[in-house]
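# Results of the structural survey
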Amino acid sequence: MACHPQCLEVPVVSPSVLLAADPSSEPVSLDEAAKQAGDAAGWVEENWSTWLNTSLRIALIVVVALVLRMLMRRALTKLIERMNRSAQAVEGTALGGLLVNAERRRQRSEAIGSVLRSVTSFVILGTAGLMILGAFKIDLAPLLASAGVAGVAIGFGARNLVTDFLSGVFMIMEDQYGVGDSVDAGVASGEVIEVGLRVTKLRGDNGEIWYVRNGEIKRIGNLSQGWATAAVDVMVRSSENLDHVRSVISEVADDLAKSEPWNEQLWGPVEVLGLNEVLLDSMTVRVAAKTMPGKALGVERELRWRIKRAFDAADIRIVGGLPPAPEETAPADPTAGMAAPSAYASTTSPQSMAATPLAPSANMSK
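I will try to describe carefully the structure that is included in this document. Given the structure is predicted, the values throughout are model-derived calculations rather than measurements. (Residues numbered from 1 in each chain as written. Predicted model: local features only at pLDDT ≥ 70, side-chain atom pairs only at ≥ 80, totals over all residues. Heavy atoms only, no water.)

## Quick word on the overall build of the chain
A tally of regular secondary structure across the chain gives eleven helices and eight strands. Put simply, the chain has 366 residues, and 24% of those count as buried. For the chain, the share of sequence-separated contacts (at least 6 apart) that also reach a separation of at least 24 residues comes to 61%. Surface accessibility of the chain: about 25600 Å² in total, with carbon and sulfur atoms responsible for 60%. (Helix = DSSP H or I, 4+ residues; strand = E, 2+ residues; numbered from the N terminus. Buried < 20%, exposed > 50% of the residue type's maximum accessible area, 1.4 Å probe, protein only. Contact = heavy atoms within 4.5 Å. Areas by Shrake-Rupley, 256 points an atom, 1.4 Å probe, with all protein chains shown as cover.)

Have a look at this one:
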C-alpha cells in the first residue's frame, strides 16, 4: 500500500522546546525548527560584531586604566623616594639638624604620596567605570545628575569634615608643621605628636593632649623651624662702668660658646646689643643670641646663671628696678587735740543763761 508523502515526515523537536512547550500544544515540524534555527543563527550573525566590538572596547578600557594607574603610582613612588633622598643628603650637613628632619620629611612625603595615590586611583578607576557603562549604551546623564545632587547634599551636610580634610591636605603639602614641632595653634599650643588629614594632636606643657581640628586652625606659629632667639635683660646700677659690664658679659659668652652642650645649641655668638633702658637708679643691658629651635629657654637660664656668678666675682651689683618710693606722711592736724566747743562757753547761749544762778532781789537783802 502506497503512503502519502506527508506520512513520511517525522517531526523533530529540540529538548528545550519539549521542556518549554505546553503538553497540549502541537509538535513543531522540521521546517519550523530549521526556520527558528536559521533565525537564531541570523540574529547571532547580525550582532556578533557588536558583541565583539563592545567586549574589545571594555577590555581595552580596563587594560588602559590598569596600566595608567600602575604608571602613575610608580611615578609617585619615585617622587617620594627622591624627596627622601634629598632629606637624607641634607641630614649630614651643619644645617641638617636645624632645618631638616629626615624622619619628619619621610612621614610627610609618605602622607602626601598616600593621598595622591588614592586620588589618582579614584579618578582613573572612576573614569574607566563610566566609560564601561557608556560602552553598554547606558545613559549616564541621570546617573551623573544624581551623583551631582548627592555630592552637593553631602557637601552641605559634612562641610566641616570637608573643610578639615582640605585644610589637613594643604598643611601637609605646605609643610607648615610636623611631628616633634612646638607650635602655637591659637586654640591650643604644645608639641605636635601626630598630624592627620582631619585632626592634629598636640601635647601641652602639663602633659595634656589636645585634639585640634585642622579646619579650626586659623593661624599657627611654628617654634621649631629655622632658629630661635635667647634674650636676657640684665639690670645694673646706673653708676656702673658700661665698658666693664660689657667685658664681663663677653667673657661669659666666650666660655658658654666653648662648653658642652651649649656650643651645639648656640647658632651664633652671644652679643651685647646695648642699653635697652636707662632710669635714675638702674640701667638695662640686652644680651641676645641665636639658638637651635626649642633651645632658647635653656640658653637663657644658663646665661643668667653665668652672668650672675661673673658679676658677683667682679663686684657688679644687679638691681631689680627702682627702690620703692617712701610714703609721704600727711601733716598733723592742729585741731586734732582740741576739744569740741561747748555750748556753755558763750554767756549769751540759752544753756549758759539757764545754768547761771539768779541774782538775789533787793527786798530780800533788806
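## Points about a nonpolar patch on the surface
Residues Val-63, Val-67, Met-70 and Leu-71 make up a contiguous nonpolar surface patch of about 330 Å² in total accessible area. You can see Val-63 is positioned in helix H2 (residues 30-91). A relative accessible area of 48% places Val-63 in the partly exposed class. (Patch = residues over 30% accessible without salt bridge, like charges linked within 9 Å, V, L, I, M, F, W, Y side chains within 5 Å. Salt bridge = Lys/Arg side-chain N within 4 Å of Asp/Glu carboxyl O.)

## Some details on the packing of helix H7 (residues 242-258) against helix H9 (residues 296-313)
Packed helices, taken two at a time, are described by the angle their axes make and the gap between the axes. Where H7 meets H9, the closest approach of the two axes is 10 Å, and the angle between their N-to-C directions is 130°. Overall, the two elements H7 and H9 adopt an arrangement that is oblique. Along this stretch, H7 crosses H9, giving a crossing that reads as right-handed. In contact with Val-245, Val-248, Ile-249, Val-252, Asp-255 and Leu-256 of H7, H9 contributes Glu-302, Leu-303, Arg-306, Ile-307, Ala-310 and Phe-311. Here the contact of H7 with H9 is composed, by residue class, of nine nonpolar, no polar and three charged. (Axes fitted to C-alpha atoms, helices over the stretch in contact; angles between N-to-C directions. Parallel < 35°, antiparallel > 145°, perpendicular 65-115°, else oblique. Left-handed = near helix turned anticlockwise from the far one by under 90°. Nonpolar A, V, L, I, M, F, W, Y, C, P; charged D, E, K, R; others polar.)

## Thoughts on the sheet that holds strand S3 (residues 199-203)
Strand order in this open sheet of five strands is S4-S3-S2-S1-S5, and the pairing throughout is antiparallel. One side of each edge strand has no neighbouring strand; the edge strands of this open sheet are strand S4 (209-213) and strand S5 (221-222). (Pairing = 2+ DSSP bridges.)

## Quick look at empty space enclosed by the protein
Within this structure, the stated rule accounts for one cavity of 30 Å³ or more. Of the pockets and cavities examined, the largest cavity occupies roughly 30 Å³. Tyr-177, Val-183, Ala-185, Val-192, Thr-200, Leu-202, Val-212, Ile-217 and Ile-220 are the residues that line the largest cavity. (1 Å grid on protein atoms, 1.4 Å probe; cavity = no way out; pocket = protein on both sides within 12 Å on 5 of 7 lines; lining within 4 Å. Points joined across faces, edges and corners; volume = space filled by probe spheres on them.)

## Some details on the pairing of S4
As paired strands, S3 and S4 are joined by five bridges and run antiparallel to one another. In the strand pairing of S4, Arg-203 is matched with Ile-209. What sits between the antiparallel neighbours S3 and S4 is a turn of five residues, in which Gly-207 has the positive phi angle 95°.

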